[in-house]
Amino acid sequence: MPGAIYAEGLVKNFGDVRALDGVDLDVPEGTVLGLLGPNGAGKTTSVRVLTTLLQADSGYAEVAGIDVAKHPNEVRRSIGLSGQFAAVDEYLTGRENLQMVGQLYQMPKAAAKQRAGELLEQFNLADAADRPAKTYSGGMRRRLDLAAALIVKPPVMFMDEPTTGLDPRNRQALWEVIQDLVKGGTTLLLTTQYLEEADHLAHDICVIDHGRVIARGTADQLKAQTGGERVEVVVHQRDQIESARDVLAVLGKGEVAVDDHTRKLTVPVLGGAKLLADVIRDLDERGVEIDDIGLRRPTLDDVFISLTGHEAEVSEPEDEAAAAAAAGKKETAK
Ligand SMILES: Nc1ncnc2c1ncn2[C@@H]1O[C@H](COP(=O)(O)OP(=O)(O)OP(=O)(O)O)[C@@H](O)[C@H]1O
Ligand SMILES: [Mg+2]
């Protein structure tokens, strides 16, 4: 039986750009899927198709068992969406924004009021609740938008980069809210460029790039695909990078990654602590001074690099205004 979110062969072209190139997804009820990918991978386009904001050119999708292309209105009644760019009414206060959403969903007034109060607490907005949203910072808007998506506790939720631009404390708070939701049986698709976030929250991860799913599995399965441990060395002087690279190329089991700026070299290895001792000995023999050295398990970043050949890009909060402007254009150019 297909899951609460199901897609098969979704294709979407924008002129010459193939934003989705045959995306398949299947998210069992009550689980979290992390859709992971760099800028332009097709994350938002996937979310927009699944939430009925955009029609795919071909392929099939259903949410909560309902065909998104045939019955968009019914789908909308079963889902909550927090988009990549916060959508709040500037002139209403935070509290009024939330109550308004409750009323749009035909919640009784008292229930909407109570739920709004709870969410304002959970998202650390209680102090600012009665100020117009136009006085909110970027992170506060983001949180208000997320709270709005949670007013009616829909069975299926979509969150497009929910934590981009949140500070660590608020990111942590959102993680807790998400974990509570999922305990309550909600199915969630979240997109992220924060690999540790997918690792932390998602039962399953789909990595997409250029509109295609290039890998899927649990965080552990994806890590296993990238091989075992890594040795990471920071050399003291830049002119010692080449000598260190030679040593690691001999002792390692794969390509040596070098970051010139931080003087850090990384290589996959087999052999654990014994091998680490060999690396230290050989570096010493070559006269390479070490600032830091260690053995670590692959991160999802390593997985990403090994799958796509490039690092996941993280959009900086400062870029948000420009990105939001660009997205505004995108929204109208359906
Ligand atoms: N309305 C549109 N018109 C033209 N091209 C579009 C439109 N929407 C998306 N695209 C293009 O489709 C591709 C996928 O975009 P999408 O927004 O899905 O990426 P994303 O994975 O969400 O990226 P990001 O991490 O930057 O949010 C990009 O090349 C983008 O420029
Ligand atoms: Mg996006």
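Residues numbered from 1 in each chain as written. Chains lettered and ligands numbered in written order. Predicted model: local features only at pLDDT ≥ 70, side-chain atom pairs only at ≥ 80, totals over all residues.

Where an unreviewed UniProt entry is consulted, the chain appears under the name ABC-type xenobiotic transporter, with the organism given as Streptomyces coryli. Under the heading Subcellular location (unreviewed entry), UniProt records this for the chain: "Cell membrane". The UniProt entry for the chain carries this comment under Sequence similarities (unreviewed entry): "Belongs to the ABC transporter superfamily. Drug exporter-1 (DrugE1) (TC 3.A.1.105) family." (UniProt positions renumbered as here; feature names shortened; annotations may be inferred.)

Chemist: Account for the packing of helix 9 (residues 241–251) against helix 10 (residues 272–285), naming residues and giving values.
Modeler: Direction vectors running N to C along helix 9 and helix 10 enclose 145°, while the axes themselves pass 10 Å from each other. For the pair helix 9 and helix 10, the sense of crossing is right-handed. Only Leu275, Asp278, Val279, Asp282 and Leu283 of helix 10 make contact with helix 9, whose side of the interface consists of Ala244, Val247, Leu248 and Leu251. Looking at the contact of helix 9 with helix 10 residue by residue, the classes come out as 7 nonpolar, no polar and 2 charged. (Axes fitted to C-alpha atoms, helices over the stretch in contact; angles between N-to-C directions. Helix = DSSP H or I, 4+ residues; strand = E, 2+ residues; numbered from the N terminus. Left-handed = near helix turned anticlockwise from the far one by under 90°. Contact = placed C-beta atoms within 7 Å. Nonpolar A, V, L, I, M, F, W, Y, C, P; charged D, E, K, R; others polar.)

Chemist: Give a description of the sheet that holds strand 14 (residues 290–296) that names residues and reports values.
Modeler: The pairing of strands in a sheet comes from backbone hydrogen bonds and takes either a parallel or an antiparallel form. The antiparallel open sheet is built from 4 strands, whose spatial order is 12-13-11-14. Strands at the two margins of the open sheet, each flanked by one partner only, are strand 12 (257–259) and strand 14. Taken over all neighbouring pairs, the strand axes of this sheet differ in orientation by 15° on average, direction set aside. Here strand 12 pairs with strand 13 (residues 264–268) via 3 bridges, running antiparallel. When the bridges of strand 13 are listed, Asp259 appears paired with Lys264. Its contacts with the sheet put helix 10 on strand 11 (230–235) and strand 14, and the angle it makes with strand 14 is roughly 160°. (Pairing = 2+ DSSP bridges.)

Chemist: Provide a residue-level description of the site of ligand 1, including the pertinent values.
Modeler: Around ligand 1, the surrounding shell holds 15 residues, and the nearest of these are Phe14, Ala19, Lys43, Thr44 and Thr45. When contributions to the shell around ligand 1 are tallied by element, the ones reaching two or more residues are strand 2 (17–27) and helix 1 (43–50). With 3 residues, the top contributor of residues to the shell around ligand 1 is helix 1. (Near = placed C-beta within 6 Å.)

Chemist: I'd like to hear about the pairing of strand 3 (residues 32–36), residue by residue, with values.
Modeler: For strand 3, the tally of buried residues reaches 5 of 5 residues, placing the bulk of the element in the interior. By the bridge criterion, 5 bridges tie strand 3 to strand 8 (residues 187–192) in an arrangement that is parallel. Across the sheet, residue Gly34 finds its bridge partner in strand 8, namely Leu190. Relative to strand 9 (residues 204–209), strand 3 is paired through 4 bridges, and the arrangement is parallel. Bridge pairing links Leu36 to Val207 in strand 9. (Buried ≥ 20, exposed ≤ 12 C-beta atoms within 10 Å, placed from the backbone.)

Chemist: Outline helix 1, supporting the account with residue identities and numerical values.
Modeler: The element helix 1 is largely enclosed, with a buried count of 8 among its 8 residues. For helix 1, the set of buried residues is Lys43, Thr44, Thr45, Ser46, Val47, Arg48, Val49 and Leu50. Remark: Thr52 follows helix 1 within two positions and exhibits a positive phi of approximately 70°.

Chemist: Kindly report on the environment of Ala56, identifying the contributing residues and their values.
Modeler: Within the element layout of this structure, Ala56 appears in the loop between helix 1 and strand 4 (58–63). Accessibility expressed as a C-beta count within 10 Å gives 23 for Ala56, which makes it buried. As for Ala56 and Gly9, which are separated by 47 residues in sequence, their C-alpha atoms are 9.8 Å apart. Once residues lying within four places of it in the same chain are set aside, the contact partners of Ala56 are Leu10, Val11, Lys12, Leu20, Val49 and Ala61.

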